[in-house]
Every structure is written in C-alpha cells, then in structure tokens.
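As a plain string of letters, each chain reads:
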Number of protein chains: 2
Amino acid sequence: MTAAPDAVPEPPWRTPRKAVPARRQLSREVIVEVALQVLRAEGIDAVSMRRVATELGTGAASLYAHIANKDELLELVFDEVVGEVPVPEPDPRRWQEQVTQLWKDSHAALARHGDIARVALGTVPLGPNALRVSEATMALLRLGGVPDQTVAWAVDVVGLFVAANAVEGAVHVDRQRAGRDPRAYFEQVGRYLSELPADRFPTMAALAPLMLQGSGEERFVFGLNLLVEGLVAQADRARTTR
Amino acid sequence: MTAAPDAVPEPPWRTPRKAVPARRQLSREVIVEVALQVLRAEGIDAVSMRRVATELGTGAASLYAHIANKDELLELVFDEVVGEVPVPEPDPRRWQEQVTQLWKDSHAALARHGDIARVALGTVPLGPNALRVSEATMALLRLGGVPDQTVAWAVDVVGLFVAANAVEGAVHVDRQRAGRDPRAYFEQVGRYLSELPADRFPTMAALAPLMLQGSGEERFVFGLNLLVEGLVAQADRARTTR
DNA sequence: ACTTGACACGAACGCCGTTCGTTACTAAAA
DNA sequence: TTTTAGTAACGAACGGCGTTCGTGTCAAGT
C-alpha cells in the first residue's frame, strides 16, 4: 500500500487488472473421486471432463495437468470400482465355489456403477485393484487343478463375460434413469416376440415367455455356471490324463 | 420469362434468389447402406450423422425424415451385418457342431465390421436377420434336447458373449487404424505383467507368457467351447432325468 | 388453383474432448 | 535477493457431435 516515489496515475482507458481468485489445488485422486460420484449418481454419460471440472469448481482444461485424457480417467475410475471386490482366502476344498463367488462379486461391483464396465472391453485392466482380483482368480483356478493355459485364458474370457453382463444390465438402469420404464420395454419385446409369424419363427414364438423370464442377474449366473462347468470339466480331464 | 404488366425493377440491394439444386431423394435403405460402407472402411467412430449425410451429398438433418435417431441407424446397420450370417439346415446328429458353427459365424460377421456389436449390448436384437439367426440357434439347441428355459437363456447369454468378443477384437482393429501397433501394445502389457512383483503377484508373473498366447479368435473359441460344454451337460442331464 | 402432408435441408442449440497460450506459483540456482 | 525454469491452473477456441426448428419444395388430393 506504499506508493512508489515516482508512481504516475494509471491512464483511465486501461482495463483494470482482473481480480484473480486463489488457485485451487487439484490432484488425480480428487478428480477420480468426483468422477466416481458423478458416475454413481447419473451414469457414465454424465462423466464428461467439463462436468467433473464443474463439480470441482474449475475448468476442463485444468484436469489435463493430472490425467492424460478422458480414457485414462475412465480407467482410473474403473480400477477404483474394482477396488470394491472382496478377495477370499483360498481354500482348496472350495475353489470352485470361491472363484464363482469372486466373479459374482466382480459383476456386482461393476453393476453398481452403471456401464463403467465398458472400459474393460478392449483394454487389459492393469490397475492395482484389477491385478489384485486377477491374481486371486488365477490362484483359485490353479488351486483347482485347471491347466495353466486354461487359467490364463479363463481370466480374460470370463472377465469379458462379467463385464459384458454388467454393461448389459447398466443399459437398462440408464433407460430407467432417462424416465423410460424398463418393464414396459420388456413387455413390448415380449408382445412382439409372441406375435411373430409362427410359420417362420415357431421356436421363438413358442419360447417367448421363457425368454422374458428371469432377471439380468439370473442370466448372468446361468451363463457363469456354464463357463465354470466347462472349466471344471477341463480340470477333471487334466487330472485324468496326468 | 414474361414480364408482368406492372413489373418494377428489383432494387439493387436485394440478394438474388439462390439457385436451389434439385432435391435428391433419400431412403432408409440408402442411408443404411452408406453407413455400412463408412463403418467397413473406417470403423464405427466415423459413422456420424454428418458423415453419412456428407457421403450422400446432403445435410445431417435430412436423415431424420427416414430414421428416428442415430441409435436407430446403428440398429439397422447391425441387422444388415447379421444378414451375412449363414444359417444351416438342422441335422439332429450334428446339432452341437452346427450351433457352435452358427455362433462362430455370427462372431465372424460382427468381427468384420468393427465394433458394431456394441449395438447388441443392452438391446434385444429384433431386426429380421437377428430373428432369423436366433430362431435357427434355438431350433438347433432344442433339437439337441436342451431344456426350453436353457434354450431361451442361452440365446441371450451366448449372444452376449459373441458380441462382447467382437467388440473386444474391434478395439484392437481400431487401435491399428489409429496408427498404433497392437503388437506393441501386447508386448508392453506382457513386459509389465512379467515384471510384476512376484511376492504379490506370483501367479500372474508366472503365467504372463501364457496370457499373451493366442489370438482373440482362439480365446473366443475357447470360451465358446466352455459354454457349449455346459449346454451339452445340461442337455444330458435333462435326458437322464426324463 | 388451393390445401395438405411429407420430405429436404440450413442454421442453430447445447454439448463434447482437447489444445494453445497466458498467468501464477514455487523451488532451485545465481 | 533476484532470476530462472518447470509445472500447475485455466480461459478461449478449435473441430466435432446429435438433434431440433423453421422454411421451402414437391406431389397428391380436392
């Protein structure tokens, strides 16, 4: 507030210097956390860079000092979600039950977070939590005598199945979120299937009610059980030929 | 070109009436066909309303007279792709081989068209071609003695698996298209996995080379065989208890 | 000729991911 | 203490998206 000895008044045609608010500090953790909150509340379509930045009281460009791009953000969020998956203490007598439960828990964690599982389609999930879950999965399969090559592929393939089912379920949640009744959609589909010309689509017309039966979760468990049954058969065969 | 009797000259400050080119005629079929071409050449990200319209020599808004929205366009394109799937003449002695081949052919058709399979995640594919393939699938499963409820769910669940694998494969094609070498990506992943701390990730570190083994197609067939094995087991059990 | 409904289409809306250039801040070096 | 260098913060803008609105054109029916 001390005037310089040789200070001259500012010319009146100059724009006064804009008051700049204190810069807030960001971090990757904070960004991921807020993105996760938006995801939980409104689904993945709401997770834009601008939206996350707005929730943080800043601009989208500020996020780029901490994350490379949106893909990276989604990967980080995905791994955070996988962090909710509990991992069991391996028990050789219950490996089958345990690995099935681990896959169910993975599905449940993903299903709770809209279609974040889309992130897992096409990339190898390599975050710390994804690695933790994969390691536990593989250890259980190996414990059960599943051959190594089968273990290595099963983690990939069943993981893909888990993710696909989570995405599938999420689409219906999003539909509800958008004010559209999923039940109405399924009723519509059922009606359509039932009314298909029986001469061209006899099986579909006949089985239409069964196709509408059961929740997405039940279908997931059904498919998972098929996969596990196949894995068990491979383990048994490996023991027989050994 | 006949001047009106009381015609007065046009004031010179008026903009001359713009020459309007002949209106081109559009149709849903043409729009879908062009979208499919763009998809094949450049992947699904290139399929925007503007892009399709540009290829047709018009504006994006013109497409909305024939299709409700982009989702509908993609569904129509999806069904066109499924139209490439050949359907076998059912043979009771070879139902297992035939239904497996039908799923493989479905995967192949989708895999040839980038990640159009994303469309099948979350909606029930109900276009004429999808119905055709579903009917054939269900008829084969039923032929093999698979219980009806299992048939009804298997079409859904295995179809989802087929689509997920097609999406997964497509992501790597897109990566290549974007100038990034998928092989380099996998090498990087392999190196990372091999170098994981063996005390925390013993199984992953040990099996890393096996995880990189095999193509996406091989993994798909591996997983499909697990599913089919499970279905066969259910058919056998149904016969035993009948 | 006039009316009506459907199609064609430009302009614009609201949104997106990202880059570029500028400013602010802080730690290290001079 | 001042200067320098590097990094974080952030507004403006770029190029793009899906879609709607309003206007004009066209063809069929009255």
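Residues numbered from 1 in each chain as written. Chains lettered and ligands numbered in written order. Predicted model: local features only at pLDDT ≥ 70, side-chain atom pairs only at ≥ 80, totals over all residues.

A.B. asks: I'm lost on the overall build of chain A in this one. Help?
C.D. replies: Secondary structure assignment for chain A yields 10 helices and zero strands. Mapped in sequence order, the helices and strands of chain A form the string α-α-α-α-α-α-α-α-α-α. Computed over C-alpha atoms, the radius of gyration of chain A comes to 26 Å, more than 25% over the 18 Å expected from 2.2 N^0.38 for 242 residues, which places it beyond the range of a compact globule. Its C-alpha atoms give chain A principal-axis dimensions of roughly 95 × 55 × 25 Å. When burial is assessed residue by residue, chain A has 38% of its 242 residues classed as buried. Across chain A, contacts joining residues at least 24 apart in sequence account for 70% of those joining residues at least 6 apart. (Helix = DSSP H or I, 4+ residues; strand = E, 2+ residues; numbered from the N terminus. Rg over C-alpha atoms; globule rule 2.2 N^0.38 Å. Buried ≥ 20, exposed ≤ 12 C-beta atoms within 10 Å, placed from the backbone. Contact = placed C-beta atoms within 7 Å.)

A.B. asks: Can you help me understand the environment of Glu 195 of chain A in this one?
C.D. replies: Residues and elements named next belong to chain A. Structurally, Glu 195 is set in the loop between helix H8 (182–194) and helix H9 (202–212). Glu 195 sits in the exposed class, given 11 other C-beta atoms within 10 Å. Taking the C-alpha atoms as reference points, Glu 195 and Ala 206, separated by 11 residues in sequence, lie 9.9 Å from one another.

A.B. asks: Help me out: how do you make sense of helix H9 (residues 216–240) of chain B in this one?
C.D. replies: Note that an α-helix has 3.6 residues per turn; residues three or four places apart therefore point the same way. Between its terminal C-alpha atoms H9 of chain B stretches 36 Å, which fits the 36 Å expected from 25 residues at 1.5 Å a residue. Regarding H9 of chain B, the residues found buried are Arg 219, Phe 220, Gly 223, Leu 224, Leu 226, Leu 227, Val 228, Gly 230, Leu 231, Gln 234 and Ala 235 of chain B. Contacts from the buried residues of H9 of chain B go to helix H7 (148–177) and helix H10 (216–240) of chain A together with helix H4 (95–111), helix H5 (128–143) and helix H6 (148–177) of chain B. (Expected span 1.5 Å × (residues − 1).)

A.B. asks: Could you clarify how one ought to interpret the interface of chain B and chain A in this entry?
C.D. replies: Size of an interface: often given as the accessible area lost when the parts come together. At the interface, 45 residues of chain B touch 45 residues of chain A. Counting residues per element, the ones that place at least two in the side of chain B that touches chain A are H5, H6, helix H7 (182–194), helix H8 (202–212) and H9 of chain B. Sorting elements by how many residues they give to the side of chain B that touches chain A places H6 of chain B first, with 14 residues. Along the lines of polarity and charge, the residues of the side of chain B that touches chain A split into 28 nonpolar, 10 polar and seven charged. (Nonpolar A, V, L, I, M, F, W, Y, C, P; charged D, E, K, R; others polar.)

A.B. asks: When you look at the environment of Asn 165 of chain B in this model, what are you seeing that I'm missing?
C.D. replies: Residue and element names in this part refer to chain B. By secondary structure assignment, the location of Asn 165 is in helix H6. By C-beta crowding, Asn 165 is classed as buried, having 27 other C-beta atoms within 10 Å. For Asn 165 and Gly 216, which are 51 residues apart along the polypeptide, the C-alpha to C-alpha distance reads 7.7 Å.

A.B. asks: Honestly, the domain arrangement of chain A in this entry has me stumped. Any pointers?
C.D. replies: Residues and elements named next belong to chain A. Assigned domains of chain A: these are domain 1 (28–67) and domain 2 (82–240). If you average the C-alpha positions of domain 1 and of domain 2, the two centres end up 29 Å apart. Domain 1 puts four residues into the contact, and the matching count from domain 2 is six residues. Of the residues that constitute the side of domain 1 that touches domain 2, the class distribution is two nonpolar, one polar and one charged. (Domains from an automatic or database assignment.)

A.B. asks: Which parts of the structure should I look at to understand the protein's contact with DNA strand C?
C.D. replies: With respect to spatial proximity, 22 residues lie near DNA strand C, and among them Ser 48 and Asn 69 of chain A together with Thr 58, Gly 59 and Ala 61 of chain B are the closest. Secondary-structure elements contributing two or more residues to the surface near DNA strand C are helix H2 (49–55) and helix H3 (60–63) of chain A. When grouped by side-chain class, the residues that make up the surface near DNA strand C number nine nonpolar, seven polar and six charged. (Near = placed C-beta within 6 Å.)

A.B. asks: I'm lost on the relation of the copies chain B and chain A in this one. Help?
C.D. replies: A rotation about an axis combined with a shift along that same axis relates the two copies of the chain. Screw-axis analysis of chain B against chain A gives a translation of 0.0 Å along the axis, an RMSD of 0.0 Å, and a rotation angle of 180°. Here the two chains are linked by the operation of a two-fold rotation axis. An overlap of 100% is found between the interface residues of chain B and their copies at the interface of chain A, pointing to a shared contact surface. (Least-squares fit on C-alpha atoms with pLDDT ≥ 70 in both.)

A.B. asks: Looking at this structure, I do not really get the protein's contact with DNA strand D. What am I missing?
C.D. replies: Every one of the 21 residues lining DNA strand D counts as a neighbour, but Thr 58, Gly 59 and Ala 61 of chain A together with Ser 48 and Asn 69 of chain B are closest to it. Considering every element that reaches the surface near DNA strand D, the biggest residue donor is helix H2 (residues 49–55) of chain B, with three residues. Its residues placed into classes, the surface near DNA strand D shows eight nonpolar, seven polar and six charged.

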